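Results of the structural survey
What follows is the residue order along each chain.
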Amino acid sequence: MSVRSQKNLGSTETSPDQRHPAWCDRARCTADAAALSGNSYRPATAGQHRSAPVRLDLTTAIALAPQAGEAYLTQAVAPWPCETYLHIQHGDRGIAMTVGNASPLLSALRLLTTEAEAESGWSW
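This structure is a prediction, so every number in the text was calculated from the model and none was measured. (Residues numbered from 1 in each chain as written. Predicted model: local features only at pLDDT ≥ 70, side-chain atom pairs only at ≥ 80, totals over all residues. Heavy atoms only, no water.)

Helix and strand counts for the chain come out as three helices and five strands. Of the regular secondary structure in the chain, the N- to C-terminal order runs α-α-β-β-β-β-β-α. Taking as baseline every contact in the chain between residues at least 6 positions apart, the subset at least 24 positions apart corresponds to 40%. Accessible area for the chain stands at about 8600 Å²; split by element, carbon and sulfur atoms hold 58% of it. (Helix = DSSP H or I, 4+ residues; strand = E, 2+ residues; numbered from the N terminus. Contact = heavy atoms within 4.5 Å. Areas by Shrake-Rupley, 256 points an atom, 1.4 Å probe, with all protein chains shown as cover.)

Quick look at the side chain of Arg-50 now. Assignment of secondary structure puts Arg-50 in strand 1 (residues 48-50). At 4.0 Å, Glu-70 is the nearest oppositely charged side chain to Arg-50, a buried residue that forms no salt bridge. Not counting residues up to four positions away in its chain, the partners in contact with Arg-50 are Trp-23, Cys-24, Asp-25, Arg-28, Cys-29, Glu-70, Tyr-72, Leu-73 and Thr-74. (Buried < 20%, exposed > 50% of the residue type's maximum accessible area, 1.4 Å probe, protein only. Lys, Arg positive; Asp, Glu negative; His and termini not counted. Salt bridge = Lys/Arg side-chain N within 4 Å of Asp/Glu carboxyl O.)

Looking now at the side chain of Thr-74. Within the element layout of this structure, Thr-74 appears in strand 3 (residues 68-76). With a relative accessible area of 5%, Thr-74 lands in the buried category. Reaching out from Thr-74, the side chain makes a polar contact with the side chain of His-87 at a distance of 2.7 Å. Residue contacts for Thr-74: discarding those within four places in its chain leaves Trp-23, Gln-48, His-49, Arg-50, Glu-83, Thr-84, Tyr-85 and His-87. (Polar contact = N/O pair within 3.5 Å; in protein donor to acceptor, adjacent residues only side chain to side chain.)

Let's shift gears to the pairing of strand 4 (residues 84-90). Pairing between strand 3 and strand 4: seven bridges, direction antiparallel. Paired with Glu-70 across the bridge in strand 4 is Gln-89. One ladder, built from six bridges, connects strand 4 with strand 5 (residues 93-98); its direction is antiparallel. By the bridge assignment for strand 5, Gln-89 is matched with Gly-94. Taking the residues between adjacent antiparallel strands as the criterion, strand 4 and strand 5 are bridged by two residues, where Gly-91 takes a positive phi near 60°. (Pairing = 2+ DSSP bridges.)

Judged by side-chain polarity, Leu-105, Leu-106, Leu-109 and Leu-112 come together as a nonpolar surface patch covering roughly 370 Å² of accessible area. Among the secondary structure elements, Leu-105 is positioned in helix 3 (residues 99-120). (Patch = residues over 30% accessible without salt bridge, like charges linked within 9 Å, V, L, I, M, F, W, Y side chains within 5 Å.)

A word on helix 3. Between its terminal C-alpha atoms helix 3 stretches 31 Å, which fits the 32 Å expected from 22 residues at 1.5 Å a residue. Backbone geometry just downstream of helix 3 places Gly-121 in the positive-phi region, at approximately 80°. (Expected span 1.5 Å × (residues − 1).)

As structure tokens, then:
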């Protein structure tokens, strides 16, 4: 890797991805800083930060089994900043989107449910 490339990507010594994000669950994390050592980045062995799952009870939303799902965050480990993804898993199906894309969607859903709760007089 050239000196210019190192300057553009940042030093592997100061890479923000070598630190665990606050949400990272060390028991589920597969991040390996050794994959970033020296001038050789090995993406296949770098792993990812991963949060503890949040259980989603979908019994009232979906009439078919399985009725439990989970949501969790992940972030790849690389010598450059990586996006954080929200994963929502239900049985063998799932979706993933960047937190930047998920946040406005979740805010819009919360706005809708808040309006409905206010009208019905019910709230959390």
